[in-house]
Amino acid sequence: MRIDLHTHTTASDGTDTPAELVVAARRAGLDVLAVTDHDTTAGWADAIAARPIGLTLVTGVEFSCVHHAADGRRISMHLLGYLFDPDHPALHAELERLRAGRLHRGRLMVANLVAGGYPITWEQVQAFADGGSVGRPHIGRALIKAGAVIDLTAAFRGPLSGRGPYYVRKPDTPVFDALRIIDQAGGTSVFAHPLAHRRGPVVDDSVVVELAAAGLTGIEVDHPDHDEADRAHAATLARELDLIPTGSSDYHGTNKTVRLGENLTTPDAYERLVAVATARRPIAG
Ligand code: AMP
Ligand code: FE
Ligand code: FE
Ligand code: ZN
């Protein structure tokens, strides 16, 4: 069984439509695929409708979260929620708030970039986002089109950098709130790429201990942004804290170079993970 539990579509910052993604997943030899767009469930319906025979679909979302460390540092974190009820009022409202925050923040970043001399427009960025959850990759594509950078890697190192002068923060969900909301909505939660330090600061092990105590179900061990040492560390955390270890590609189509199924979750971990959710079951193709 080939199981990939973290992927993106055009509903957020991936480049495959949900229908294209499920077909590509089956072609890549996957048996189970989770669709986990940033802060939206908008891709679920098309993915479910287009799922090929032999592909089981797990509905999910990657929640944009934040943790305020004891020393005052603000650390961005991603929490994967699976198999929750998308109509749960608190969860639905929080996703709407996150997407509205992304829109507002996108506008502000574009204004900053325009003031800095980058020849892009908000209309272009919106066209790249195409009604989906707006993110920096959409601004990056406008920057590429304008000839300001050669690719997204350069865009994220330069004008889109979280440490640069054009960056604007999003109003992310405090991670313990997100955990509670996913739980109340009958879902199961996995801490995404917990040690991806290339993206920015990561939380200390003590926060993972607190998350585990607060009901976190799993932790991504195998992820493209984790090197061998990160994987070993995450696997140790999983073992010691009784968290379910997962492996995933975090596929984004042509917005990233990773391939579908580049990292996989074991059947045993998958079965244990989905057994925790009470609201929904995986949908067989
Ligand atoms: P945002 O959520 O709008 O702050 O944008 C962050 C998103 O951009 C992440 O979820 C990744 O999908 C993507 N991203 C981060 N770094 C890179 C990179 N170097 N190249 C391409 N995409 C990236
Ligand atoms: Fe992304
Ligand atoms: Fe992520
Ligand atoms: Zn992701």
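Within every chain, residues take consecutive numbers counted from 1 along the sequence as written. To read the labels, note that chains go from A and ligands from 1, taken in the order they are written. Per-residue local features are limited, in this predicted model, to residues with pLDDT of at least 70; the limit for side-chain atom pairs, both in listing and counting, is 80 or more; totals at the level of whole chains, interfaces and linings are taken over all residues. Calculated side-chain values reflect all of the structure's heavy atoms, with hydrogen atoms and water omitted.

**What about the coordination of the iron ion (ligand 2)?**
Phase 1 of the analysis: For Na, K and Ca the donor cutoff is 3.2 Å, while for all other metals N, O and S atoms must lie within 2.8 Å; water is not among the atoms, so some sites may look incomplete. On the protein side, the iron ion (ligand 2) has Asp13 (OD), Asp13 (OD), His38 (NE2) and His252 (NE2) as donor atoms, found 2.1 to 2.7 Å from it.
Phase 2 of the analysis: A four-donor site is called tetrahedral if each angle lies between 85 and 135 degrees; a four-donor site is square planar, and a six-donor site octahedral, when trans pairs exceed 155 degrees and the remaining angles lie between 65 and 115; all other cases are labelled irregular. Between the six donor atoms coordinating the iron ion (ligand 2), the angles at the centre fall across 51 to 150°, so the site counts as irregular.
Phase 3 of the analysis: The sequence motif formed by the donor residues of the iron ion (ligand 2) is D-x24-H-x213-H.
Phase 4 of the analysis: Here the iron ion (ligand 2) and the iron ion (ligand 3) are spaced 5.7 Å apart. You can see His38 sitting in strand β2 (residues 32–38) and its partner His252 sitting in the loop between β8 (244–247) and α10 (267–276), a full 214 residues away along the chain. Each member of the pair, His38 as well as His252, carries the same accessibility label: buried. A run of H or I in DSSP becomes a helix once it reaches four residues, and a run of E becomes a strand once it reaches two; helices and strands are each numbered from the N terminus. Note on classification: 1.4 Å probe, protein chains only; a residue is buried when its accessible area is under 20% of the maximum for its type, exposed when over 50%, partly exposed between these limits.

**Description of the site of ligand 1**
Phase 1 of the analysis: With respect to spatial proximity, 14 residues lie near ligand 1, and among them Asp13, His38, Arg105, Arg136 and His252 are the closest.
Phase 2 of the analysis: Any pair of N or O atoms that falls within 3.5 Å is considered a polar contact. Within protein, one atom must be able to donate a hydrogen and the other to accept it, and sequence-neighbouring residues count only if both atoms are side-chain atoms. His38 is positioned such that a nitrogen or oxygen atom in its side chain is 3.1 Å from an oxygen atom of ligand 1.
Phase 3 of the analysis: Within the side chain of Arg105, one N or O atom sits 2.8 Å away from an oxygen atom of ligand 1.
Phase 4 of the analysis: A total of 500 Å² of accessible area belongs to ligand 1 in isolation, and the protein chains cover 85% of it. Being near a molecule or strand, for a residue, comes down to having at least one heavy atom within 4 Å of it. For every accessible area listed, the method is Shrake-Rupley and the probe measures 1.4 Å; residues are considered covered only by the protein chains on display.

**Quick look at α10**
Phase 1 of the analysis: Taken together, the buried positions of α10 are occupied by Ala269, Tyr270, Leu273 and Val274. Axial view of α10: buried residues confined to an arc of 120°, hence all on one face. Of all possible arcs, the one meant is that of the directions from the helix axis to the C-beta atoms.

**With respect to the packing of helix α7 (residues 175–184) against helix α8 (residues 205–213)**
Phase 1 of the analysis: Note on geometry: axes are lines fitted to C-alpha atoms, helical ones only across the stretch in contact, with angles between N-to-C directions running from 0 to 180 degrees. One can describe the packing of α7 onto α8 by two numbers: an axis separation of 11 Å at closest approach and a directional angle of 25°. Classed by the angle they form, the pair α7 and α8 counts as roughly parallel. By crossing handedness, the relation of α7 to α8 is classed as right-handed. Counted together, Val175, Phe176 and Leu179 of α7 and Val207, Glu210 and Leu211 of α8 form the full contact between these two elements.
Phase 2 of the analysis: Tallied by class, the residues present in the contact of α7 with α8 amount to five nonpolar, no polar and one charged. Roughly parallel means an angle under 35 degrees; roughly antiparallel means over 145; roughly perpendicular covers 65 to 115; every other angle is labelled oblique. Each crossing gets its handedness from the near helix: less than a right angle anticlockwise from the far helix is left-handed, clockwise is right-handed. Contacts are assigned to residue pairs with any non-hydrogen atoms lying within 4.5 Å of each other. Each residue gets one of three labels, nonpolar for Ala, Val, Leu, Ile, Met, Phe, Trp, Tyr, Cys and Pro, charged for Asp, Glu, Lys and Arg, and polar for the others, Gly among them.

**Topic: the coordination of the zinc ion (ligand 4)**
Phase 1 of the analysis: The protein atoms that coordinate the zinc ion (ligand 4) are His6 (NE2), His8 (NE2), Glu62 (OE) and Asp250 (OD), at distances of 2.1 to 2.2 Å.
Phase 2 of the analysis: Considering all four donor atoms around the zinc ion (ligand 4), the spread of angles at the metal, 81 to 171°, places the coordination shape in the irregular class.
Phase 3 of the analysis: Every donor residue of the zinc ion (ligand 4) comes from the same chain, spaced as H-x1-H-x53-E-x187-D.
Phase 4 of the analysis: For the pair the zinc ion (ligand 4) and the iron ion (ligand 2), the metal-to-metal distance amounts to 4.7 Å. Taken together, the residues span a long stretch of sequence, with His8 in the loop between β1 (3–4) and α1 (18–27) and Asp250 in the loop between β8 and α10 at a distance of 242 residues.
Phase 5 of the analysis: Among the residues examined, His8 registers a relative accessible area of 0% and is labelled buried.

**Section: the side chain of Lys170**
Phase 1 of the analysis: Its location among the elements puts Lys170 in the loop between α6 (152–157) and β5 (173–174).
Phase 2 of the analysis: Using a relative accessible area of 13% as the deciding quantity, one classes Lys170 as buried.
Phase 3 of the analysis: A polar contact of 2.8 Å, which involves the side chain of Lys170, links it to the side chain of Asp172.
Phase 4 of the analysis: Once residues lying within four places of it in the same chain are set aside, the contact partners of Lys170 are Ser64, Arg74, Arg102 and Arg105.

**What to know about the nonpolar core**
Phase 1 of the analysis: Judged by nonpolar contacts, the single largest core of 32 residues is most densely connected at Phe63, Met77, Leu79, Phe191, Leu211 and Ile219.
Phase 2 of the analysis: Listed by contribution, the elements that provide at least two residues to this core are β3 (56–68), β4 (74–82), α3 (89–115), α7, α8, β7 (218–222) and α9 (228–241).
Phase 3 of the analysis: When residues in this core are grouped by element, the largest group, five residues, is from α7.
Phase 4 of the analysis: Setting aside residues up to four positions removed in sequence, Leu79 forms contacts with Val61, Glu62, Phe63, Cys65, Val175, Ala178, Leu179, Ile182, Ser189, Val190, Phe191 and Leu216. Take the buried Ala, Val, Leu, Ile, Met, Phe, Trp, Tyr and Cys residues and link them wherever side-chain atoms come within 4.5 Å; each set so joined is a nonpolar core.

**A look at unusual backbone geometry**
Phase 1 of the analysis: A positive phi angle, close to 50°, is found at Asp130, a residue other than glycine.
Phase 2 of the analysis: Within the secondary structure, Asp130 sits in the loop between α4 (122–129) and α5 (136–145).
Phase 3 of the analysis: A relative accessible area of 65% places Asp130 in the exposed class.
Phase 4 of the analysis: You will see that Asp250, though not glycine, has its phi angle at about 60°, which is positive.

**Quick word on the pairing of β7**
On a regular strand, each side chain points to the face opposite its neighbour's, so the side chains alternate between the two faces of the sheet.
Phase 1 of the analysis: Most of β7 sits out of view: four of its five residues are buried.
Phase 2 of the analysis: Between any two strands, at least two bridges found by DSSP are needed for them to pair. Alignment of strand β6 (residues 188–192) against β7, held across two bridges, turns out to be parallel. Its bridge partner lying in β7, Val190 is registered against Gly218.
Phase 3 of the analysis: Seen with its strands pointing away from the viewer, a crossover is right-handed if its path from the first strand over the helix to the second goes clockwise. Each parallel crossover has a hand, and the one from β6 via α8 to β7 is right-handed.
Phase 4 of the analysis: Regarding the hand of the β-α-β motif, the stretch spanning β7, α9 and β8 is right-handed.

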